[in-house]
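Residue-level structure breakdown
The residues making up each chain are set out below.
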Amino acid sequence: MKKVRIGFIGVGGMAEGHLKTLRKVEAAEITAVFDINEARARQIAKEYDATAYESSEKLMDSGQVDAIFICTPPFARDSIEEAAAKRGIHLLAEKPIGLSLEEARRKEKIIRDSGIIHSSGYCLRYLDTVQKAKQYLAGKQIDMILAYRLGGMPGVPWWRVMERSGGQLVEMATHQVDLIRYMAGDFRDVQAIYARRHIHRVHPEATVPDVGVVSFTLQSGAVGTISNTCLSRHLGRGEVELFGHDFYVSVNGKSLRIVDDEQRLEETTDVDFVFEQDRAFVEAVRTGRRELVLGDYSEAVATLAATLAANESAAERGMEAAPLIAAADEPLNP
């Protein structure tokens, strides 16, 4: 296979980054697009010399695609993945891969059984700094993890509805959750507290929390927290810090810091991680070397499981946590 013919299902903002990136990937050829916004699909098709199709099924039945990029919002996945798998079409599914763990696991089995190459949108795994951190941490006992995803809120209305986006942990801070899994191992249990502190003043219809804290343990016994907010307009931060008794590691965007008894390493990278992710997927499809994919669909399912477990924990508590100390005029029960 000289060129990998690629179709896009969903050509909104998320897809645009991939579309521009794939122009730089020599082995990639964008041949087909579909979006429920027909005008947008026609515009993208014209720009990339592709064909716009009336449905995802017609795109996949066209005979013009070897692989697809699924870039629809998480609430609009329907049966796209299994339809591709049953047709032998390789796929890259953007994160999060859905909002139902049961559905994601059902799709995962179909995908795995089909034998297709599959990837997901966890692009930070492709940073060389992340690879160096992972290599450094191999065999070390990680005792505590602090992670953050702080920043503003996406402008699309569906994002503010919990049933459509899953909230910030599922839709954005999922990258930090995935890095924790990739560098430190799988989660064992999670507990979460969420609240709506400001979002309802600007968007009364919003059902997503705008602040949240997750406490967790890993299978290794390490403990940690993930703090996230979408109301921070003046500070953005996406970091994972890992502590052992004789080392400290920080992955902060494209920056890496490692401190131990023998070194104080600080470096940044200029690696385009979306390019590396897309090139790896295309090359995996072209050559059959599925090991080039660092975050496949099954990995995405495991990351989704952790974020949905946190949402479930927060829902059980409710948006407002119960007070731990009684008011001054209310004596504590004996």
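Every value quoted in this text rests on a predicted model; they were computed, and no experiment measured them. Here the residue numbering is sequential within each chain, running from 1 through the sequence in written order. With the structure being a predicted model, the display of local features is reserved for residues of pLDDT at least 70 and the display and counting of side-chain atom pairs for 80 or more, all residues being used for whole-chain, interface and lining totals. To get the side-chain values, take all heavy atoms of the structure and skip hydrogens and water.

**So, the overall build of the chain**
Only DSSP runs of H or I with at least four residues qualify as helices, and only runs of E with at least two residues qualify as strands; both kinds are numbered from the N terminus onward. For the chain, the count of helices and strands is twelve helices and 14 strands. Radius of gyration means the value over C-alpha atoms here, while the globule rule gives 2.2 Å times the residue count to the 0.38 power. Rg of the C-alpha trace for the chain: 21 Å, near the compact-globule value of 20 Å for 334 residues, within the 12% margin. Across its three principal directions, the C-alpha atoms of the chain cover 75 × 55 × 40 Å. Only protein chains enter the accessibility calculation, which uses a 1.4 Å probe. A residue is then buried if its area is under 20% of the maximum for its type, exposed if over 50%, and partly exposed in between. Sorting the 334 residues of the chain into buried and exposed places 51% on the buried side. Here the contacts in the chain between residues at least 6 apart in sequence split such that 69% fall between residues at least 24 apart. What sets the accessible areas is the Shrake-Rupley method with a 1.4 Å probe; for residues, cover comes only from the shown protein chains. Surface exposure of the chain reaches about 16,200 Å², of which carbon and sulfur atoms provide 50%. Across the chain, the 41 positively charged side chains and the 49 negatively charged ones have centroids separated by 4 Å. Pairs of residues are marked as contacts when any of their non-hydrogen atoms sit within 4.5 Å. A positive count includes Lys and Arg, and a negative count includes Asp and Glu. His and the chain ends are not counted in either. Charged groups are reduced to one reference atom each: NZ for lysine, CZ for arginine, CG for aspartic acid, CD for glutamic acid.

**Things to note about the sheet that holds strand 4 (residues 67-70)**
The strands making up a sheet are joined through hydrogen bonds of the backbone, oriented either antiparallel or parallel. Pairing within the open sheet is parallel, and its six strands lie in the order 3-2-1-4-5-6. Edge positions in the open sheet fall to strand 3 (51-52) and strand 6 (118-120), since each of these has one partner strand only. Here a strand pair is declared whenever DSSP counts at least two bridges between the two strands. Where strand 5 (residues 90-93) and strand 6 come together, three bridges link them in parallel fashion. Bridged to alanine 93 within strand 6 is serine 120. Fitted lines through C-alpha atoms serve as axes, helices being fitted only where they are in contact, and the angles separating the N-to-C directions of these axes extend from 0 to 180 degrees. Sheet contacts for helix 11 (residues 273-287): strand 1 (4-9), strand 2 (28-34), strand 4, strand 5 and strand 6; angle to strand 5, the most-contacted strand, approximately 165°.

**Section: the environment of arginine 233**
Considering the arrangement of structural elements, one finds arginine 233 in the loop between strand 10 (223-229) and strand 11 (237-244). Take arginine 233: its relative accessible area is 71%, and that puts it in the exposed class. Distance in space between the C-alpha atoms of arginine 233 and glycine 288 is 44 Å, their sequence separation being 55 residues.

**Some points on the sheet that holds strand 9 (residues 211-218)**
The strand order 8-9-10-7-11-12-13-14 describes an open sheet built from eight strands, whose pairing is mixed. Every interior strand has two partners, whereas the edge strands, strand 8 (187-195) and strand 14 (264-268), have only one. When strand polarity is set aside, the average angle formed by the axes of neighbouring strands in this sheet is 10°. With seven bridges connecting them, strand 9 and strand 10 associate as antiparallel partners. Bridge pairing links threonine 217 to valine 223 in strand 10. Helix 6 (residues 128-137) contacts strand 11, strand 12 (247-252), strand 13 (255-260) and strand 14 of the sheet and is inclined by roughly 160° relative to strand 12. Running at roughly 50° to strand 8, helix 12 (residues 297-317) makes contact with strand 8 and strand 9 of the sheet.

**Some points on the state of the cysteines**
Cysteine sulfur pairs qualify as disulfides if the two atoms are within 2.5 Å. The final tally for this structure, using the stated rule, is zero disulfides. Free of any disulfide, cysteine 71 has its nearest cysteine sulfur in cysteine 123, 12 Å distant. Looking at cysteine 123, the relative accessible area reads 10%, which means it is buried.

**A word on the layout of surface pockets**
Both site types are read off a 1 Å grid over the protein atoms alone. A 1.4 Å probe that fits but cannot get out defines a cavity, while an open set with protein on both sides within 12 Å along at least five of seven lines defines a pocket; lining residues have an atom within 4 Å of a point. Grid points are joined across faces, edges and corners, and a volume is the space filled by probe spheres set on the points. Considered as a void within the structure, the largest pocket measures approximately 690 Å³ in volume. As for the largest pocket, its lining consists of 34 residues, and the residues nearest its centre are Gly10, Cys71, Thr72, Pro73 and Trp158. Secondary-structure elements contributing two or more residues to the lining of the largest pocket are helix 1 (13-22), helix 3 (56-60) and helix 4 (80-86). With three residues, the top contributor of residues to the lining of the largest pocket is helix 3. We call Asp, Glu, Lys and Arg charged. Ala, Val, Leu, Ile, Met, Phe, Trp, Tyr, Cys and Pro are nonpolar, and the rest, Gly among them, are polar. A per-class count over the lining of the largest pocket returns 19 nonpolar, seven polar and eight charged.

**Considering helix 2 (residues 38-47)**
All buried positions along helix 2 are accounted for by Arg40, Ala41, Ile44 and Ala45. The arc enclosing the buried residues of helix 2, seen along the axis, measures out at 135°, which places them on a common side. In this structure, helix 2 carries Glu38, Arg42 and Lys46 as exposed residues pointing more than 90 degrees from its buried face. Its side-chain oxygen at 3.3 Å from the backbone nitrogen of alanine 39, asparagine 37 defines the N-terminal cap of helix 2. After helix 2 finishes, the residue aspartate 49 shows a positive phi value of roughly 55°. Of all possible arcs, the one meant is that of the directions from the helix axis to the C-beta atoms. What qualifies as a polar contact is a pair of N or O atoms within 3.5 Å, subject to a donor-acceptor requirement within protein and to the restriction that residues adjacent in sequence count only when both atoms come from side chains.

**Comments concerning the nonpolar core**
One finds Ile145, Ile180, Met183, Phe187, Ile226, Leu242 and Val249 to be the most contacted residues of the largest nonpolar core, which totals 44 residues. Per-element tally for this core: the top contributor is helix 9 (residues 174-184), with six residues. Ignoring anything within four residues of it in the chain, the contact list for valine 249 reads Ala133, Tyr136, Leu137, Val240, Glu241, Leu242, Leu256, Arg257 and Ile258. If you look at the next biggest cluster of nonpolar residues, it comprises 30 residues, including Ala15, Leu19, Ala45 and Phe69. Side-chain atoms within 4.5 Å link the members of a nonpolar core, which is a set of buried Ala, Val, Leu, Ile, Met, Phe, Trp, Tyr and Cys residues.

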